[in-house]
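# Notes for the structure review
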Amino acid sequence: MFPFPTSAGDPAIDAAAYAETLKQVFEGGWPDFDCNVLGVGGDGYTASLFPGTDAQRAGGWPTVGNKSGEPRLTLTVPAIEHSHRVKFWVNGVGKASIIKTLPTDQVGLPAQQIKPEGELIWMLDAAAAAELPLLY
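Here the structure is a predicted model, which is why all the values come from computation and not from measurement. (Residues numbered from 1 in each chain as written. Predicted model: local features only at pLDDT ≥ 70, side-chain atom pairs only at ≥ 80, totals over all residues. Heavy atoms only, no water.)

## What to know about the overall build of the protein chain
- If you tally the helices and strands in the protein chain, you get 5 helices and 5 strands.
- Put simply, the protein chain runs from its N terminus to its C terminus through helices and strands in the order α-β-α-β-β-α-β-α-α-β.
- The C-alpha radius of gyration of the protein chain comes to 16 Å, within 12% of the 14 Å expected for a compact globule of 136 residues.
- Taken across its 136 residues, the protein chain has 35% of its residues classed as buried.
- For the protein chain, the accessible surface area stands at approximately 7800 Å², while carbon and sulfur atoms represent 56% of it.
- Treating the 9 positive side-chain charges of the protein chain as one cloud and the 15 negative ones as another, the clouds have centres 4 Å apart. (Helix = DSSP H or I, 4+ residues; strand = E, 2+ residues; numbered from the N terminus. Rg over C-alpha atoms; globule rule 2.2 N^0.38 Å. Buried < 20%, exposed > 50% of the residue type's maximum accessible area, 1.4 Å probe, protein only. Areas by Shrake-Rupley, 256 points an atom, 1.4 Å probe, with all protein chains shown as cover. Lys, Arg positive; Asp, Glu negative; His and termini not counted. Charge placed at Lys NZ, Arg CZ, Asp CG, Glu CD.)

## Looking at the environment of proline 103
- When you line up the elements, proline 103 lands in the loop between helix H4 (96–101) and helix H5 (110–113).
- In this structure the C-alpha to C-alpha distance between proline 103 and leucine 132, which are 29 residues apart in sequence, comes to 9.7 Å.

## Quick look at the confidence of the model for the protein chain
- For the protein chain, mean pLDDT is 89; residues scoring 70 or higher make up 97% of the total.
- Averaged over each element, pLDDT in the protein chain is lowest for helix H2 (residues 54–57) (82) and highest for strand E4 (residues 85–90) (97). (pLDDT = per-residue confidence, 0-100.)

## Side note on the nonpolar core
- Within the largest apolar cluster, 22 residues are counted, with the highest numbers of intra-cluster contacts made by Val40, Ile80 and Phe88.
- At the level of elements, helix H1 (11–25), helix H3 (77–81), E4 and H4 are the ones that each hand at least two residues to this core.
- For isoleucine 80, the residues in contact, after removing those within four places along its chain, are Asn36, Leu38, Ala47, Leu49, Leu75, Val86 and Ile114. (Core = buried A, V, L, I, M, F, W, Y, C linked by side-chain atoms within 4.5 Å. Contact = heavy atoms within 4.5 Å.)

See the structure below:
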């Protein structure tokens, strides 16, 4: 297990340190994850990638520091996409309206950007799926 470091107290420095760790673990290549399990926030954010932030658009590094509100560290969209499987696990009635928006043509929400090389799996409870059309 390789948790994000937080000892520098600066998200950019800690993100760079974690990128170096990933480079060592994956022997110099881009991270090749088996599975990433993500959630979705009420505004469409995922993995601490918030709408309209620089972190949402970062692509040169596998990790980035995000200074939206409290400092956070996250994998970038390309790093998440280098997964054999990405699972979104979403629950709660407060997520229903954003879940309804995600399959549309509206662009710009971080959760919409994730298009993994492997499988994309959505797991929703009944409350989170409440505004989706029923498919028979």
